[in-house]
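The chain contents come next:
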Amino acid sequence: MTIFHPLFPRRQPDASPTDARVLNWAKNTTLAEASAVTVPETEAQLQAVIVNCRGKIRIMGSRMSPGRMLAVSNPDDVLVDLSRMRGVLAVDDDSVTFAGSTPMHEVYEVLTSMNRMLNASPGVIASQTLAGALSTGTHGQGLQQSAIADDALNIRFVDGNGHLHNMDRSHPWFGAVQLGLGTLGAITAVTLRTRPSALYTCFKDAVSADTLAEDLAQWNQTWTFSKAWWFLEENKVHTWNAREANEEERSAWEQNHGDLVTLDDTRDEMNQAVDKTLQHMRNDTRIVDENGKPFRTVTRFKDFSDVIGDVYQVFCRGIATPQINIEIGVPLANAPAAIARIKAWYAKTHPHMHYPIILRCTGPSDAWLSPSWQTPTCYFGFVVYYAEDGSLSEEGLEFLRAVEPLLAEEGGKPHWGKYFDPRLYDWSACYPQWSAFQEVRQAFDPRGIFLNDFLAEVMS
Ligand SMILES: Cc1cc2nc3c(=O)[nH]c(=O)nc-3n(C[C@H](O)[C@H](O)[C@H](O)COP(=O)(O)OP(=O)(O)OC[C@H]3O[C@@H](n4cnc5c(N)ncnc54)[C@H](O)[C@@H]3O)c2cc1C
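Rules of the game
Residues numbered from 1 in each chain as written. Predicted model: local features only at pLDDT ≥ 70, side-chain atom pairs only at ≥ 80, totals over all residues. Helix = DSSP H or I, 4+ residues; strand = E, 2+ residues; numbered from the N terminus. Buried ≥ 20, exposed ≤ 12 C-beta atoms within 10 Å, placed from the backbone. Contact = placed C-beta atoms within 7 Å. Core = buried A, V, L, I, M, F, W, Y, C linked by C-beta atoms within 7 Å. Pairing = 2+ DSSP bridges. Axes fitted to C-alpha atoms, helices over the stretch in contact; angles between N-to-C directions. Left-handed = near helix turned anticlockwise from the far one by under 90°. Nonpolar A, V, L, I, M, F, W, Y, C, P; charged D, E, K, R; others polar. Arc of directions from axis to C-beta. Near = placed C-beta within 6 Å.

**Q** Describe in detail the overall build of the protein chain, supporting the description with residues and values.
**A** On a plain count of helices and strands, the protein chain comes out with 14 helices and 21 strands. Each principal axis of the C-alpha atoms in the protein chain carries an extent, and together these give about 60 × 50 × 45 Å. When the 460 residues of the protein chain are sorted by exposure, 48% land in the buried category. A sequence separation of at least 24 residues applies to 73% of the contacts in the protein chain between residues at least 6 apart.

What follows is the structure, encoded as C-alpha cells:
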C-alpha cells in the first residue's frame, strides 16, 4: 500500500489514550501502528529484528524529521526504536564513543563535564539523537566547522543483512555512512572527535540588509561562528558573531558560576522589526498566549545584548515548537546571487513574512550526501509555525513554495532532515557521489529493507 504524503501536512489532533498509532514529533504524520514498533536493547536483538523482518524497516531517533522519512505502512513493516541504547560507551584522550541513540543534549552535557567540546557547533536545539543528527547532516554555524557527522571518527552499525560493521575514517565508504539517511543500516555507536572546551563572546548587532551579500561573506570569514536573521520587510539583519573569549570575559563567566553571562548594554534596534513579525505570527497561528512558545523564538531578539558562554550556551538555545522548516544549502560562492534573487522577488511580489530568513554557513563536509560535500555552503532557513488548531498559514506556505525553487536554481540542496519538495531536485546532478552511494547502499542492503515508499522514490 502506497501512502501519499502531502508536502506540508496538517497537525493531527492529540491522540486519545486508546490511539494505537505512533506519530512524528510534529504530530503531522502517522509513522506506524504502535504494534509495528520494536525496542531492541542489544545489538544482538537488533540483528535478529533485521534478519527476521519480512517487510520494510525504518529506524527512528527523536522523530523530529518529516514523517515521510520514517513512515512504514504494511503489516510486515517494522519501526525500530533504539532509545534503550544510549549513553557513553568509551572515552580516550581525543574522543568519546556514544551509543547511537544518545540525545545530543546528553552528548553536550557529557563533553562539557569533561571540559571538552565538538569542533562542530550545535544546531538550535539538542533533542535530536546523535544517529539522527548524523544521518541527516544536522549542522550549526561557522565556516571553520561543518556538520556533526564531520566529527565522527568511527561508526558502528548493523546493515540490512544483519551484519555488524565498525567503520573508521580510513574506510573508502566512510563518506557514505556518515550521512546515510538510515538507508545503510542501524547505527548503534559513534566515536566523536573532541577538543578542549573554549568560551566565546557573541556580539549581537542590527544592520541594514543593503550590503548583505558582502557582509555575510565577511562575517563568516572574520568570526569563529556567525548566524544571522534577515527581516526582509524591514530590510534589516540581526547578527550573532562570536569569537573566543579573552581573559577578562572568561573570568566574568567564571564569576557567574559557569552560566551564560548577559552583558548589561541592551539595544533596541530590532524591537520594531520583532513587533511586526510577532503581529504576523499572532495572526497566522491564532495563539492567544502572549508568551506562546513560537513567539519566544523571536521576542529574544528584542533588547538584545552581547553574551559570553560556551558554544552550547550561546548557540543551542532554540525553543522546539511544531513547525514546517525548510533549509536549503547553496554553495557559498552562489550565496550573493541567491540573496539578489530573493531581494528581487521580494521587491516584485511582497510575499507575506511569517518569520525572518535564517542564514548559517558551514565549511566543507566529507559526507557524500551532504549539501556541503567538499563545498563551503550558505544555508537559508525558513520556518512556518503551526496554528493552535493544527493548520498552517496559507500565505506562509506560499512563501515556502516560491522561495525553494529560487534557491534550487542557484545550486541549492535541501537539508535531509527538514521539509523539501523532492520534485525540484535531480539528485545525481546535485550529488557527484550519488551513484557511488547507491552502490554502497546495495552492498549493505541488497533487499532494500531500509527503503520506505518515500526513500524508494528518492533513491530510484
Ligand atoms: C525544532 C527543530 C529544530 C532543528 N534545528 C536544526 C538545526 O539547528 N540544525 C540542523 O541542521 N537541523 C535542525 N533540525 C533538523 C533535525 O536535526 C533533523 O531532523 C534530525 O534528523 C532529527 O534527529 P532525530 O533524532 O529526531 O532523527 P529522526 O527524525 O528520528 O530520524 C531522522 C533520520 O535519521 C535516521 N536515523 C535515526 N536514528 C538512526 C539510527 N540509530 N541508525 C540509522 N539511522 C537513524 C532515520 O531513519 C531518519 O532517516 C531541527 C529540527 C527541528 C524539528
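**Q** Provide a residue-level description of the nonpolar core, including the pertinent values.
**A** Ranked by internal contacts, the top residues of the largest apolar core, which has 125 residues, are Leu79, Leu134, Val190, Trp230, Cys378 and Phe380. Counting residues per element, this core draws most heavily on strand S20 (residues 377-385), which supplies seven residues. Look past the residues within four positions of Trp230 in its chain and what remains in contact with it is Ala209, Leu212, Val237, Pro356, Ile357 and Leu359.

**Q** Could you give an account of the sheet that holds strand S18 (residues 323-331), with specific residues and numbers?
**A** The strand order S16-S17-S13-S15-S14-S19-S20-S18-S21 describes an open sheet built from nine strands, whose pairing is antiparallel. Every other strand in the sheet has two partners, leaving strand S16 (261-262) and strand S21 (413-414) as the edge strands with one partner each. Bridge count for strand S14 (residues 225-231) against strand S19 (residues 357-362) is four bridges, and the pairing is antiparallel. Bridging across to S19, Lys227 finds its partner in Arg360. Relative to S14, helix H5 (residues 212-222) is tilted by about 160°, and along the sheet it contacts strand S13 (199-208), S14, strand S15 (236-244), S19 and S20.

**Q** An account of unusual backbone geometry is needed here, citing residue identities and associated values.
**A** With the exception of glycine, the majority of residues adopt a negative phi angle, and the majority of peptide bonds are in the trans configuration. Its identity as a non-glycine residue notwithstanding, Lys27 has a phi of 55°, on the positive side. By the secondary structure assignment, Lys27 is in the loop between strand S1 (21-23) and strand S2 (30-33). Lys27 sits in the partly exposed class, given 19 other C-beta atoms within 10 Å. Positioned with a positive phi, Arg63 is a non-glycine residue whose angle comes to about 60°. Note that Arg63 resides in the loop between strand S4 (57-60) and strand S5 (78-81). A residue is classified by how many C-beta atoms lie within 10 Å of it, and Arg63, with 22 of them, is buried.

**Q** How would you summarise the sheet that holds S4 if you had to cite specific residues and measurements?
**A** Judged by pairing direction, the sheet is parallel, and its three strands sit side by side in the order S3-S5-S4 without closing on themselves. Edge positions in the open sheet fall to strand S3 (37-38) and S4, since each of these has one partner strand only. Bridge count for S4 against S5 is four bridges, and the pairing is parallel. Bridge pairing in S5 links Met60 to Asp81.

**Q** Please set out the packing of helix H10 (residues 335-349) against helix H11 (residues 394-409) residue by residue, giving values where relevant.
**A** Remark: H10 packs on H11, axes separated minimally by 10 Å, with the N-to-C direction vectors making an angle of 145°. Considering the relative orientation of H10 and H11, their crossing is right-handed. Residues Ala338, Arg341, Ile342 and Trp345 of H10 pack against Ala402, Val403, Leu406 and Leu407 of H11. Within the contact of H10 with H11, the residues separate by chemical class into seven nonpolar, no polar and one charged.

**Q** I'd like a description of helix H2 (residues 104-113), backed by residues and values.
**A** Every buried residue of H2 is accounted for by Met104, Val107 and Leu111. Here the buried residues of H2 occupy an arc of 55° about the axis, which is enough to place them on one side. In this structure, the buried residues of H2 make contact with strand S7 (95-99), strand S8 (116-117) and helix H3 (130-136). Once H2 ends, the next one or two residues include Asn115, with phi positive near 60°.

**Q** Would you mind going over the site of the ligand in detail, with residue names and values included?
**A** Neighbouring residues of the ligand: 35 residues in total, closest Gly61, Gly123, Gly132, Gly182 and Gly417. Broken down by element, the residue count for the shell around the ligand peaks at five residues, all from H3. Of the residues belonging to the shell around the ligand, the class tally is 14 nonpolar, 18 polar and three charged.

**Q** Which residues make up the pairing of S19, and what are the values?
**A** Across the six residues that make up S19, a large majority, five, are buried. The sheet contact formed by S19 and S20 spans five bridges and is antiparallel. Across the sheet, residue Thr362 finds its bridge partner in S20, namely Thr377.

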